[in-house]
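Structural description and commentary
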Amino acid sequence: MSIMQMNGGSVIAMVGKDCVAIASDLRLGNQSLGISSKFEKIFPMTDRVYVGLPGLATDVTTLHQQFRYRLNMYTIKEEREIEPETFAHLVSSTLYEKRFGPYFIEPVIAGLQKTPSGDLKPYIAATDLIGCLNFAKDFVVAGTASDKLFGVAEGLWEPDLEPEDLFETIAQTLLNAVDRDAYSGWGAVVYVLTKDKVIKRELKGRMD
Amino acid sequence: MDHFPTNWGRPRNDAYDAYNTYPLHHRPSAAPGHDKFADAVQRTQQPIVTGTSVLAIQYKDGIMMAADNLASYGSLARFKSIQRLHAVGTNTVLGASGDMSDFQYIQTLLDELVTDEFTHQDAHSLGPAEVHEYLARVMYSRRSKFDPLWNALLVGGFKDGKRFLAYVDLLGVTYSAPSLATGYGAHIAIPLLREVVDGRQDTLTEEDARKLLHDCMRVLFYRDARSLDKYQLAKVTESGVEISDSIKIETAWNFAEGIRGYGAQTQ
Amino acid sequence: MPDGSFSNPQQRQFNPYSDNGGTILAIAGADFTVIAGDTRQSEGYSIQTRYAPKVFRLTDRAVLAVNGFAADGNMFVKKVKQRLEWYRHAHAKDMPLRAIARLIQTMLYAQRFFPYYVYNILGGIEEDGSGAVYSFDPVGSYEREACRAAGAAQSLVQPFLDNQIYFKNQAAAPNQPHPAHLPLSDVLAIVIDSFTSATERHIEVGDGLEIYVVLAKGRSVQGLEGVRSIQELSTKSDGDRVFVIRRDLKKD
């Protein structure tokens, strides 16, 4: 059994109209044995940059701390908050440093990016476990249910969704995908990032 | 084949493995005439003398097929004037890649079939669709016996005003398309063939079809190390099967001059 | 060993199977069934042909979709059709759908130790006039369902169908329970969306789409009006009827 699938878990991020959403399941398992239904994999890095870390659970913790450290160093040096795109490159280079002995994590980044005019533009990205960046205009997925997430998201997503519609879309996508994945599920959490607030909602899911 | 090294006729077996707790030459299995594999059935083979790609396309008047004249023995270009296109009856042509002995066996099968059919004198004759169906059954039943005929075959023909072109291989997998190729041709020639043929089967002229296949055979000769610059072309139309004499592919290698490792070395 | 003997050791490396990609799906309505499949046939990264049907009309009320190893699939369909013809000659009528389902399970299990590497989905109309879908694994395990996807993009399509057909994870509005069966026009839209999505994200899916629609005896063609490139395949117009709709999918 592959290390990527040992603990299970999936993350998805979607773009809406002037908003983004990122969501994950809450399962932590040991192969097919469920251990916890409170294992969060999405972390706020700044007020408007969120990162999801599906993969090997021990590396979720390690990478989260690593990112926090590097982010603090960046903030001190630059005396400003990091932008999502910059953070995505930080994630990428952090992972590629360990090219030949990687962290078993496929990060998903979602945030609102400052444009030169001062507006906030939705930004999402994902990388593989060695930091190959993938920007997308619509949605990105990762984790043990990634193929299911691709299928449902491709069917449900549409451009320019308002925050509440985006929430419904990402929630339905995640819930239905993880219900067909043995290694993901056991509840879910959704973050919707808008200009003036972040909405966090915890969802009940099937417990089988 | 005897797979046990101790049976290979050393002058003195006891000189080997002498210090083992139970030396090899003391074991019952080392007794002469005790080869477990000797009377085993050897069915699943591997291709020995092989032919490379076959190409075929549909065009305005029927179908056209091409295959070079080489039969290789591994990397050795062993037989350089082998014919890999075979007429079956009056409306069908068969092109073969893969094992040439299996292909020759298939030829005898088909010739027998055609003769049997002819002797019925019932005003029916085998068309390309029937030949293909027959071959598909033979190939599938052999793979199901774990004793495949190691070939990828193209069957083309023209009967009752209709074109026919289809593929069948050692697994019994079949399919049909306006342009088909086996082996390396499926990777190298198919993109070139599809670009010209697909959707234009009803308008493509004989001259254009001939030139297209010629160009593809040349590309294959440049890139496929198991190919030859000598090939035959078959066409099946209203007026029956026609298999050409060998055609020579003219090539140019002057580009190699300036490339180190290709032409003569000039530091 | 095929000859049943284990006495002689034999060397083997010939692999009698291959995977030819593609995806199939079927959805049952109250008085109709839709069975669909793409038409691409591939091996590895090579597209062998852009048109190789995977969905077959068996009778005026039964359609079979086969997916997996193409040689086994075609041979299996051929043998099922042969058995149905024998049945017709013996009983002067078409075999009922549930009987075809059991026949398929028996034929698959007969090859338990050298299986047909094929996933089957059988769709059609039962004797009571209801739409039905039966899905099988390669060795004959089967069940009747309302919808099923199989093949290369099963993992992409099935959760989407759970959501859109079974309304999974959707709460019904008060006093307005979810419908048990969707209308034909909705089902066709979902089928087309499923395949365009699968084509977008799976390399083995694409080129063409064949959608078979089986209508129960006496049902109107409501839901099929205005559909382009539709063709009727039924032999009688006063019994259950079969239609096929052909569409293009992306070829890349």
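Residues numbered from 1 in each chain as written. Chains lettered and ligands numbered in written order. Predicted model: local features only at pLDDT ≥ 70, side-chain atom pairs only at ≥ 80, totals over all residues. Heavy atoms only, no water.

Threshold: UniProt positions are given in the numbering used here, feature names are shortened, and annotations may be inferred rather than shown by experiment.
In the nomenclature of an unreviewed UniProt entry, chain C is known as Proteasome subunit beta of Ceriporiopsis subvermispora. Within the UniProt record for chain C, the comment given under Function (unreviewed entry) is "Component of the proteasome, a multicatalytic proteinase complex which is characterized by its ability to cleave peptides with Arg, Phe, Tyr, Leu, and Glu adjacent to the leaving group at neutral or slightly basic pH. The proteasome has an ATP-dependent proteolytic activity."

Looking at an unreviewed UniProt entry, one finds chain B named Proteasome subunit beta, with Ceriporiopsis subvermispora as its source organism.

1. So, empty space enclosed by the protein
Residue and element names in this part refer to chain C. As a reminder, the rule being used: A cavity here means a set of points on a 1 Å grid, drawn over the protein atoms and nothing else, where a 1.4 Å probe fits but cannot get out; a pocket is an open set with protein on both sides within 12 Å along at least five of seven lines, and a residue lines either one if it has an atom within 4 Å of a point. Grid points are joined across faces, edges and corners, and a volume is the space filled by probe spheres set on the points. Only runs of H or I of at least four residues qualify as helices and only runs of E of at least two qualify as strands under DSSP, and these elements are numbered from the N terminus.
Counted under the stated rule, the structure contains 3 cavities of 30 Å³ or more. In this structure, the largest cavity spans a volume of roughly 140 Å³. Lining the largest cavity we find 14 residues, and of these Q41, P53, K54, V66 and A70 sit closest to its centre. For the lining of the largest cavity, the secondary-structure elements that each account for two or more residues are β6 (62–68) and α1 (70–91).

2. Description of a negative patch on the surface
For clarity, the cut-off: Like charges within 9 Å and nonpolar side chains (Val, Leu, Ile, Met, Phe, Trp, Tyr) within 5 Å are joined into patches, using only residues over 30% in relative accessible area that form no salt bridge. Computed with a 1.4 Å probe, the accessible areas rest on the Shrake-Rupley method; for each residue, only the protein chains presented here act as cover. Just to be clear on terms, a salt bridge is a Lys or Arg side-chain nitrogen sitting within 4 Å of an Asp or Glu carboxyl oxygen. None of His or the chain ends enter the tally, which takes Lys and Arg as positive and Asp and Glu as negative. Note on charges: their place is set at NZ of Lys, CZ of Arg, CG of Asp or CD of Glu.
Residues D18(A), D119(A), E158(A), D160(A), E162(A), D165(A) and E168(A) make up a contiguous surface patch of negative charge. Tracing the backbone shows E168(A) in helix α4 (residues 163–178).

3. Here's the deal with the interface of chain A and chain C
As a reminder of what qualifies: The criterion used for residue contact is that any of the two residues' heavy atoms lie within 4.5 Å. Summed over both partners, buried area is the accessible surface (1.4 Å probe) that two parts give up on being assembled. Definition of a polar contact: a pair of N or O atoms within 3.5 Å, with one able to donate and the other able to accept a hydrogen when the atoms are protein atoms, and with sequence-neighbouring residues admitted only if both atoms are side-chain atoms.
Contacts between chain A and chain C engage 16 residues on the former and 15 residues on the latter. Carbon and sulfur atoms make up 50% of the area that chain A and chain C hide from each other, which totals about 1400 Å². In terms of surface lost to chain C, no three residues of chain A exceed E154(A), N176(A) and R180(A), which account for 38% of the buried area on that side. Here R180(A) ties to D162(C) by a salt bridge, and the two come within 2.6 Å at their closest N and O atoms. At the boundary of chain A and chain C, one finds 7 residue pairs in polar contact (both at pLDDT 80 or more). Elements with a contribution of two residues or more to the side of chain A that touches chain C: α3 (146–156) and α4 of chain A. The dominant element in the side of chain A that touches chain C, judged by the number of residues it contributes, is α3(A), at 8 residues.

4. Digging into the sheet that holds strand β8 (residues 120–127) of chain A
All names here are of chain A. Counted only if it meets this: If DSSP finds at least two bridges between two strands, the strands pair. To obtain an axis, a line is fitted to C-alpha atoms, over the contacting stretch when the element is a helix, and the angle between two such axes runs from 0 to 180 degrees between their N-to-C directions.
Taken in spatial order, the 5 strands of this open sheet run β5-β6-β7-β8-β9, and their pairing is antiparallel. Of all strands in the sheet, those with a lone pairing partner are β5 (42–46) and β9 (133–135), marking the two edges. If you compare each strand with its neighbour and ignore which way they point, the axes differ by 25 degrees on average. Note: strand β7 (residues 108–114) against β8, 7 bridges, orientation antiparallel. Within β8, the position partnered with L112 by the bridge is P122.

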